[in-house]
Amino acid sequence: MTRKIHIVGNWKMNQTSNDIDSFFKEMSGVVVKCQSWITPQSIHIPQVKKLGEDALGNMFQVGAQNCSHKTSGAFTGDVSPTSLKDIGVGFTLVGHSERRAIFNEGNQLLNQKTILALNEGLKVIFCVGETLEEREQGKTEEVVKTQLEEGLKGISAGQLTDVIIAYEPVWAIGTGVTATPKQAQDAHDFIRNKVLGSVGFKIDDVVILYGGSVKPDNVEELLNCTDIDGALVGGASLKPSDFMKLCQAGSKLN
Ligand code: PGA
């Protein structure tokens, strides 16, 4: 299997336009050989797209952190996947644990969003992961399997080639507690080899990212695991020097 390493920075609700200018000034001239993507706040997408492509060329793509389950209409505050595609967005996250927990987005809604985003020509990074309580009760596999089966229901094999999976244990997100490489590899192995085949994926080709307190000093040991094809990174993606180190670690393996 050829590995296609992806480092995806999820900026969440952070960064001003000045911060973004400085970020890419520091990134310019850096050569990256792995996919190095960023999801800013929607309002900053055009700026990040322009500066990111100038700095990182075709290894860069700008993405959205979320999108609507509808193409247009009376959905105040939502962002349509059609409009995202229209301004050159390449992909969107769907089902980030903050969307699930804070905004009560369930598997059925996330399935609608995924289907629509794919139909509109966006790639989808579909996020799954268990809470600490679920892990302690031994329910990790059951939870992740349900999230994948319900969230990706009804998607054709042809469209699944545009879906990337992100395994992000909720207890590791923004906490500084990273899953050990073994914990992450076990979950990725389960997702790839026990779940994705029956959902319709070509399991050798699918990209599965790990997310949850990934930093420059733990990224290599995670990326060295057989079934980890990259990282979805929050906090450490905000600092250009750290994001650069993550992308360079990914570049070594591509
Ligand atoms: P973190 O966030 O790297 O700050 O833990 C990861 C994420 O939320 O995608």
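Residues numbered from 1 in each chain as written. Predicted model: local features only at pLDDT ≥ 70, side-chain atom pairs only at ≥ 80, totals over all residues. Heavy atoms only, no water.

Considering the overall build of the protein
Next, step 1: Within the protein one finds 11 helices and eight strands.
Next, step 2: A globule of 254 residues ought to have a C-alpha radius of gyration of about 18 Å, and the protein, at 17 Å, matches this closely.
Next, step 3: In terms of overall dimensions, the protein has C-alpha extents of about 45 × 45 × 35 Å along its principal axes.
Next, step 4: Nonlocal contacts in the protein, meaning residues at least 24 apart in sequence, comprise 75% of its contacts between residues at least 6 apart.
Next, step 5: Total accessible area on the protein stands at roughly 11300 Å², and carbon and sulfur atoms take up 50% of it.
Next, step 6: Each charge class in the protein was averaged separately, 25 positive and 30 negative side chains, and the resulting centres sit 3 Å apart. (Helix = DSSP H or I, 4+ residues; strand = E, 2+ residues; numbered from the N terminus. Rg over C-alpha atoms; globule rule 2.2 N^0.38 Å. Contact = heavy atoms within 4.5 Å. Areas by Shrake-Rupley, 256 points an atom, 1.4 Å probe, with all protein chains shown as cover. Lys, Arg positive; Asp, Glu negative; His and termini not counted. Charge placed at Lys NZ, Arg CZ, Asp CG, Glu CD.)

A closer look at the pairing of strand β7 (residues 208–211)
Next, step 1: Taking every second residue as pointing to the same face, both faces of β7 are buried, with Ile208 and Tyr210 on one and Leu209 and Gly211 on the other.
Next, step 2: Taken together, the three bridges between strand β6 (residues 163–167) and β7 define a ladder with parallel strand orientation. What sits directly across from Ala166, in β7, is Leu209.
Next, step 3: Handedness of the crossover joining β6 and β7 through helix α9 (residues 181–199): right-handed.
Next, step 4: Here β7 runs beside strand β8 (residues 230–233); their pairing, made up of two bridges, is parallel. The residue bridging Tyr210 from the neighbouring strand is Ala231, located in β8. (Buried < 20%, exposed > 50% of the residue type's maximum accessible area, 1.4 Å probe, protein only. Pairing = 2+ DSSP bridges. Right-handed = clockwise from strand over helix to strand, strands pointing away.)

A look at the nonpolar core
Next, step 1: Core analysis: the biggest nonpolar cluster contains 65 residues, and Phe24, Phe126, Leu148, Ile165 and Ile191 have the highest contact counts within it.
Next, step 2: The greatest single-element share of this core, amounting to seven residues, is contributed by α9.
Next, step 3: Excluding residues within four positions of it along the chain, Ile191 makes contact with Val128, Val144, Leu148, Ile165, Tyr167, Leu196 and Ile208.
Next, step 4: Counting 11 residues, the second largest nonpolar core, distinct from the first, contains Phe91, Leu93, Cys127 and Val207. (Core = buried A, V, L, I, M, F, W, Y, C linked by side-chain atoms within 4.5 Å.)

With respect to unusual backbone geometry
Next, step 1: Non-glycine residue Lys12 carries a positive phi angle of around 50°.
Next, step 2: Mapped onto the fold, Lys12 is located in the loop between β1 (6–10) and α1 (17–27).
Next, step 3: In the Ramachandran plot, Asn104 falls in the positive-phi region, its phi being about 55° despite a non-glycine side chain.
Next, step 4: Here Asn104 lies in the loop between α4 (97–102) and α5 (107–119).

Digging into the pattern of salt bridges
Close approach of charged atoms allows side chains with opposite charge to pair.
Next, step 1: Tallied over the full model, the rule gives 12 salt bridges.
Next, step 2: A salt bridge links Arg192 to Asp229; the shortest N-O distance between them is 2.9 Å. Here Arg192 is found in helix α9, whereas its partner Asp229 is found in the loop between α10 (219–223) and β8, with 37 residues between them in sequence.
Next, step 3: When its relative accessible area of 3% is taken as the criterion, Asp229 is described as buried.
Next, step 4: Between Asp205 and Lys202 there is a salt bridge whose closest N-O contact spans 3.6 Å.
Next, step 5: Residue classification places Lys202 among the exposed residues on the basis of a relative accessible area of 61%. (Salt bridge = Lys/Arg side-chain N within 4 Å of Asp/Glu carboxyl O.)

Focus on the packing of α1 against helix α2 (residues 45–56)
To describe two helices that pack against each other, one gives the angle between their axes and the distance between the axes.
Next, step 1: In the contact formed by α1 and α2, the axes pass within 9 Å of each other and the chain directions differ by 10°. Comparing their axes, α2 and α1 come out roughly parallel. Residue-level contacts link Ser17, Ile20, Asp21, Phe24 and Met27 of α1 to Gln47, Val48, Leu51, Gly52, Ala55 and Leu56 of α2. (Axes fitted to C-alpha atoms, helices over the stretch in contact; angles between N-to-C directions. Parallel < 35°, antiparallel > 145°, perpendicular 65-115°, else oblique.)

With respect to the pairing of strand β3 (residues 60–64)
Next, step 1: Within β3, four of the five residues are buried, which leaves it mostly tucked inside the rest of the structure.
Next, step 2: Following the backbone out of strand β2 (residues 35–39), through α2 and into the adjacent parallel β3, one traces a crossover that is right-handed.
Next, step 3: Direction of pairing for β3 relative to strand β4 (residues 91–94): parallel, over a ladder of two bridges. Note on β4: the bridge partner recorded for Ala64 is Thr92.
Next, step 4: Regarding the hand of the β-α-β motif, the stretch spanning β3, helix α3 (residues 81–86) and β4 is right-handed.

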